[in-house]
Structure formats: C-alpha cells, structure tokens
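# Residue-level structure breakdown
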Amino acid sequence: MRRVVIICVTLLLGVMSVSAQSNRSTLLDRINEIKKQNDIYFWDQYTHPNADSAKVNATKRMLVDINPLSTEGRRLSVADIMPYATYISLDRGNLKQCFVYIKREDVPPIDGVPVTAPATTSPSFGISENMATPSVSAPVQKTFVPDAFVQRVMQTRKFVDVYKLLKYLNSQGDILQFGKLKEVEDYSSLDLILFDMQSQEVITMLSPVTTGNIRINVVHGGEDSLDNYPTEMTAVIWYIKK
C-alpha cells in the first residue's frame, strides 16, 4: 500500500511539473508574439529579486516609450497606467522577471485627451490664408548623453576595477545584483557590461533586449546586439540597478 501511495505521489508530481513547463512555454510564446508587434503594443520587461519592484520598474521602462508621444507636456505615471496594462511574471532562478504590455489604443487619456493624440493647431485669429506663414525649422537633434552610472563604469575601464565598483555599489544598495553571464539561463532582461578579454577593458554597455536580439547601446544610444561581440573575445557582467 505504501508503495502504491509513493508511486501515485511521484506520478502526480510529474504531471504537475509537465503542466508548469507547458504553462511557462505558453507564456514565453505569448511574450515573443507581443515583442514582434510594436505597431500594436507598447511593452517592456524588468528582472528583480522582488516581484513588486520588477513590476514597477517594467512599467517605468514602458512609459519611457509612451510619454514622449504625448502632446502639450502630458505625462502618465506608473499608477495611471497600471490598471490598463497586462503583466506576465516568470521565475528566473532566484529572480523575478515581469513583462508588461498594453495595446497602443488602450493607453489611458489625460484630462480626457489621448496621450498619443496629435497636437492641436493654433487658431488663425482671422489671418488671411494668402498671407505668408513663417517657416518652421527642423527640430534640433539632441546629442545622446549616457547616464552618470554608465559614464562612471566607462571611466573605470579595467575589469578588476569595474568589479570592485559594482561590489561597492552593491553594498550601498545602488546595485541590487550582478554576476557572470553564465550564472543565468536567460539574460534578455538584464543590463550588460562587455569587456575585451585581452585588454581587460570595458568595450561598451548594453540595455536589456528590446525586440528580437536588439538591445540599446547605453554608451552612444544606438541599437546594438550581443551578437555583434564574439563570445571568445568578450567577457560579460550582468547587473540590476536599484
């Protein structure tokens, strides 16, 4: 009888494990489908030891894409958009990854005005249509400036010194976690620091994946990919900022 019970429990645990793996696979398929539809969705993701922090930071990252499209300086906060967004949570070892998305058409309005609505035209005040209108100059392109942390890492340069810096910032609570790339199974949602294995100096720094294998190079602001850096020549440290 005892053996029968053990067999039943073992079978039950096996079924539960297969079910969990199947559910995880379904969620990953859903995430990958959304990432391919940037014309329909706003989305982002964040990994953190704390599930709530992962959710909040994923939302903040998504708002970086949404708010610049607003007119007349309107801005949405995390609290504004959370009720309208959908969240998918996944376990990444001892970390929690949160993927957030929202249909572009479902982004809530501010004061009754859609965030992504085109700017309203100014009234003419009776000016004749035949009068010459002043020319509008093209917008000035802003020069990308890396944030203070990125600048500090790039100035530190050497692998050993950067590691010491991360360890210090971790003790101060500014860096929540960091480690070698081989320590994590999925690093698509992690920020990366790349080093040249020969010189032991920083090459560049990359954001989490935005779509496909594309990341943002946080040193110069352009698109980049980990695939652009040969694995046999590159050492990588991942990190999670506060």
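Remember, it's a predicted structure, so these values are computed and weren't measured experimentally. (Residues numbered from 1 in each chain as written. Predicted model: local features only at pLDDT ≥ 70, side-chain atom pairs only at ≥ 80, totals over all residues. Heavy atoms only, no water.)

### Some remarks on the sheet that holds strand S3 (residues 95–103)
The sheet built from three strands is open, its strands ordered S1-S3-S2 with antiparallel pairing. Each of the sheet's edge strands pairs with one partner strand only, and the pair in question is strand S1 (41–48) and strand S2 (86–92). On average, each strand axis in the sheet is inclined to that of its neighbour by 15°, with strand direction left out of account. Sheet analysis places S1 next to S3, joined by eight bridges and oriented antiparallel. Across the sheet, Tyr46 pairs through a bridge with Cys98, a residue of S3. Here helix H2 (residues 51–66) sits on the sheet in contact with S1, S2 and S3, set at roughly 145° to S1. (Pairing = 2+ DSSP bridges. Helix = DSSP H or I, 4+ residues; strand = E, 2+ residues; numbered from the N terminus. Axes fitted to C-alpha atoms, helices over the stretch in contact; angles between N-to-C directions. Contact = heavy atoms within 4.5 Å.)

### Here we look at the confidence of the model for the protein
Residues shown with low pLDDT carry predicted positions that ought not to be read at fine detail. Looking at the protein, pLDDT values average 78 and 76% of them are 70 or higher. This stretch, residues 117–141, has a pLDDT under 50; its non-local contacts, to residues over four places away or in other chains, come to four contacts. (pLDDT = per-residue confidence, 0-100.)

### Structural notes on the packing of helix H4 (residues 148–156) against helix H5 (residues 159–172)
At their nearest, the axes of H4 and H5 sit 8 Å apart, and the two run at 145° to each other. Along this stretch, H4 crosses H5, giving a crossing that reads as right-handed. Together, Phe149, Arg152, Val153 and Thr156 of H4 and Asp161, Val162, Leu165, Leu166, Tyr168 and Leu169 of H5 make up the contact between the two elements. Of the residues that constitute the contact of H4 with H5, the class distribution is seven nonpolar, one polar and two charged. (Left-handed = near helix turned anticlockwise from the far one by under 90°. Nonpolar A, V, L, I, M, F, W, Y, C, P; charged D, E, K, R; others polar.)

### Considerations on the sheet that holds strand S7 (residues 214–217)
With antiparallel pairing, the six strands of this open sheet are ordered in space as S4-S9-S5-S6-S7-S8. Two strands close off the open sheet at either side, each with one partner strand: strand S4 (175–180) and strand S8 (223–225). Each strand of the sheet is rotated relative to its neighbour by a mean of 35°, with strand direction disregarded. Taken together, the three bridges between strand S6 (residues 202–211) and S7 define a ladder with antiparallel strand orientation. Each bridged residue has a counterpart across the sheet, and for Val209 the counterpart in S7 is Arg215. In the packing of H5 onto the sheet, the strands contacted are S4, strand S5 (191–196), S6 and strand S9 (234–241), and the crossing angle to S4 comes to about 145°.

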